[in-house]
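Chains, contacts and geometry: an overview
Spelled out, the chains give:
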Amino acid sequence: MTSSARPLLNRRLAEFGTTIFAEMSALALRTGSINLGQGFPDTDGPEEVREAAVRALRDGRGNQYPPGPGIPELRTAVAAHQQRRYDLSYDPDTEVLVTAGATEAIAAALLALVEPGDEVIALEPYYDSYAACIALAGGTRVPVTLRPADGRFRLDLDELRDAVTDRTRLLLLNTPHNPTGTVLTREELAAIAALAVERDLLVVTDEVYEHLVFDDAEHVPLASFPGMRERTVTISSAGKTFSFTGWKVGWVTAAPELVTAVRSAKQFLTYVSAGPFQYAVAEALALPDSYFEAFRADLLAKRDVLAAGLEEAGFSVYRPSGTYFVTADIRPLGESDGIAFCRALPERAGVVAIPTAVFYDHREMGAPFVRFAFCKQKAVLEEAARRLKAAGAR
């Protein structure tokens, strides 16, 4: 044991500790609860995609180190996807980078583009790795809070504009937004783009839920707006779209100089990963539109099952326009502390959720909200709703 008085953990990470996902998933295992906390499906994705991975393994493709930027087949497939879906043209050789999931892409982008003293604006509540990655880069995070109004969590564009200072280096955006399920509108994105151009800001956009938008919402990449292609790092991944979250295959699309910068950091993180799975994801991205439409329709039906069940159990529910998470307000149940509520819920009802407060710098803003994942089998969601109602939530 070291005798030094200095803490072992890098002080930039000292505030973070064990993630809430690890804590709540362990609680789910210990109590035998239904885990609607961590966002992973309980069924695998398309059989033809899984078979493509098996075929790659058997054929010896990807069993050794793949190329640093990712295999050419996947980079070409990513570029074709961006062109087909959004009319965005990217050169697969210079403007696409394959990463170990979107999480590594975010880390590499922030480590590459942010220096100590730079301010990074992020929409809160935000996915917990954002804060940790900003800290590792030595940046200062500046939260702009999405506030509940009229059934959704809304961005105040004036508040965003006021948050920009001479020290602001980068905007970190997530749409569709985890955990609130908000999908930024075309008008909101146009205003953000104009602000980024006016203030000469870089933007990193996390778009992993791009294929999970519901009702009248649409996903519009920020890079498609005037002046944004050359300043935007767009991130997505296969995990959420194809229900293979364990494969950890993500990607970056951006202008060559931005991809070069991100790759400079990424090469010292994992260097490469997921060789055989890259071949499978290349095939997955070429699936017909019918796959994406059926996938979205299935998740929409599950959203409505869980949302209705939560409402029947007494929660006030914000039905998401995207992602596979529902945010619920516990105040109608006579509760106000989401962290205490979620820690007690497994014993009380046999269900695990995530307290949204852990995704806020302003903890009091998120205190009464909890997040439930609906990327589970319908029968599981119905049983969770039954348990919540039976536990006397009303």
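Predicted, not measured: the structure shown is a model, and the values here were computed from it.

In this numbering, the UniProt entry assigns the feature "domain: Aminotransferase class I/classII large" (unreviewed entry) to residues 34-388. Segment residues 34-388 splits into 41% helix and 18% strand. End C-alpha atoms: 11 Å apart.

Let us look at the side chain of aspartate 118. Note that aspartate 118 resides in the loop between helix H4 (101-113) and strand E3 (119-124). One buried charged residue, aspartate 118, remains without a salt bridge, the closest side chain of opposite sign being arginine 169 at 4.3 Å. Looking at aspartate 118, its side chain comes within polar contact range of the main-chain nitrogen of glutamate 115, at 2.8 Å. The residues touching aspartate 118, leaving out its near neighbours within four places in the chain, are Leu113, Gly139, Thr140, Arg167 and Arg169.

Another point: the nonpolar core. Counting 103 residues, the largest nonpolar core has Phe315 and Phe372 as its most contacted members. Once residues lying within four places of it in the same chain are set aside, the contact partners of phenylalanine 315 are Leu310, Ala328, Asp329, Ile330, Leu333, Phe341, Val370, Phe372 and Leu388. In terms of nonpolar packing, the next biggest core, distinct from the first, is built from 27 residues, Leu123, Leu171, Val203 and Tyr318 among them.

Quick look at the packing of aromatic side chains now. What the rule picks out here adds up to 19 aromatic pairs. Centroid distance phenylalanine 244 to tryptophan 247: 4.2 Å. Interplanar angle 10°. Geometry classified as stacked. Taken individually, phenylalanine 244 and tryptophan 247 each receive the classification buried, so the pair is uniform in this respect. Judged by centre distance (6.0 Å) and plane angle (85°), the ring pair of phenylalanine 315 and phenylalanine 341 falls under edge-to-face. Residue phenylalanine 315 is located in the loop between helix H11 (289-312) and strand E11 (316-318), and its partner phenylalanine 341 is located in helix H12 (residues 338-349); the two are separated by 26 residues in the primary sequence. A single burial state applies to phenylalanine 315 and to phenylalanine 341, both of which are buried. An aromatic cluster is defined as three or more aromatic residues linked by ring pairs; in this entry it consists of Phe21, Tyr127, Tyr130 and Phe359. The side chain of arginine 85 reaches across the aromatic face of phenylalanine 292, ending 5.2 Å from its centre. Geometry around phenylalanine 40 places lysine 376 over its ring, the cationic atom sitting 3.9 Å from the centre.

Take the sheet that holds strand E9 (residues 232-237) next. Judged by pairing direction, the sheet is mixed, and its seven strands sit side by side in the order E2-E10-E9-E8-E7-E3-E4 without closing on themselves. Two strands bound the open sheet, and with one partner strand each, they are strand E2 (96-99) and strand E4 (140-145). Strand-to-strand, the axes of this sheet are offset by a mean angle of 20°, without reference to chain direction. Pairing of E3 with E4 involves six bridges; the strand directions are parallel. Note that in E4 the partner of alanine 122 across the bridge is proline 143. Against the sheet, helix H9 (residues 256-266) contacts E2, strand E8 (202-206), E9 and strand E10 (250-253), and its axis sits at roughly 25° relative to E2.

With that settled, consider the side chain of threonine 323. Position of threonine 323 relative to the elements: it lies in the loop between E11 and strand E12 (325-329). Threonine 323 gets classed as buried once you look at its relative accessible area, which sits at 0%. Separated by 3.3 Å, the side chain of threonine 323 and the backbone nitrogen of phenylalanine 325 make a polar contact. In this structure threonine 323 touches Pro176, His177, Asn178, Gly181, Tyr209, Leu212, Phe214 and Phe374, once residues within four positions along its chain are discounted.

We now examine the packing of H4 against helix H5 (residues 128-136). Geometrically, a packed helix pair is captured by the angle between its two axes and the distance between the axes. Where H4 meets H5, the axes come as close as 8 Å, and the angle between the chain directions of the two elements is 30°. In terms of their interaxial angle, H4 and H5 are classed as roughly parallel. In this structure, H4 meets H5 at a crossing whose hand is right-handed. In this structure, H4 contributes Thr103, Ile106, Ala107, Leu110 and Leu111 to the contact, and H5 contributes Ser129, Tyr130, Cys133, Ile134 and Leu136.

Walk down a regular strand and you will see the side chains alternate between the two sheet faces. Burial along E10 is two-sided: Gly250 and Val252 and Trp251 and Thr253, pointing in opposite directions, are all buried. Strand direction decides the pairing type here: E2 and E10, joined by four bridges, are antiparallel. Bridge assignment links valine 96 to a residue of E10, and that residue is threonine 253. Across four bridges, E9 lies against E10 in antiparallel orientation. Among the inter-strand pairings, isoleucine 235 is bridged to a residue of E10, identified as valine 252.

About the cut-offs
Residues numbered from 1 in each chain as written. Predicted model: local features only at pLDDT ≥ 70, side-chain atom pairs only at ≥ 80, totals over all residues. Heavy atoms only, no water. UniProt positions renumbered as here; feature names shortened; annotations may be inferred. Helix = DSSP H or I, 4+ residues; strand = E, 2+ residues; numbered from the N terminus. Buried < 20%, exposed > 50% of the residue type's maximum accessible area, 1.4 Å probe, protein only. Lys, Arg positive; Asp, Glu negative; His and termini not counted. Salt bridge = Lys/Arg side-chain N within 4 Å of Asp/Glu carboxyl O. Polar contact = N/O pair within 3.5 Å; in protein donor to acceptor, adjacent residues only side chain to side chain. Contact = heavy atoms within 4.5 Å. Core = buried A, V, L, I, M, F, W, Y, C linked by side-chain atoms within 4.5 Å. Phe/Tyr/Trp six-rings, centres within 6.5 Å; stacked < 30°, edge-to-face > 60°. Lys NZ or Arg CZ within 6 Å of the ring centre and 35° of its normal. Pairing = 2+ DSSP bridges. Axes fitted to C-alpha atoms, helices over the stretch in contact; angles between N-to-C directions. Parallel < 35°, antiparallel > 145°, perpendicular 65-115°, else oblique. Left-handed = near helix turned anticlockwise from the far one by under 90°.

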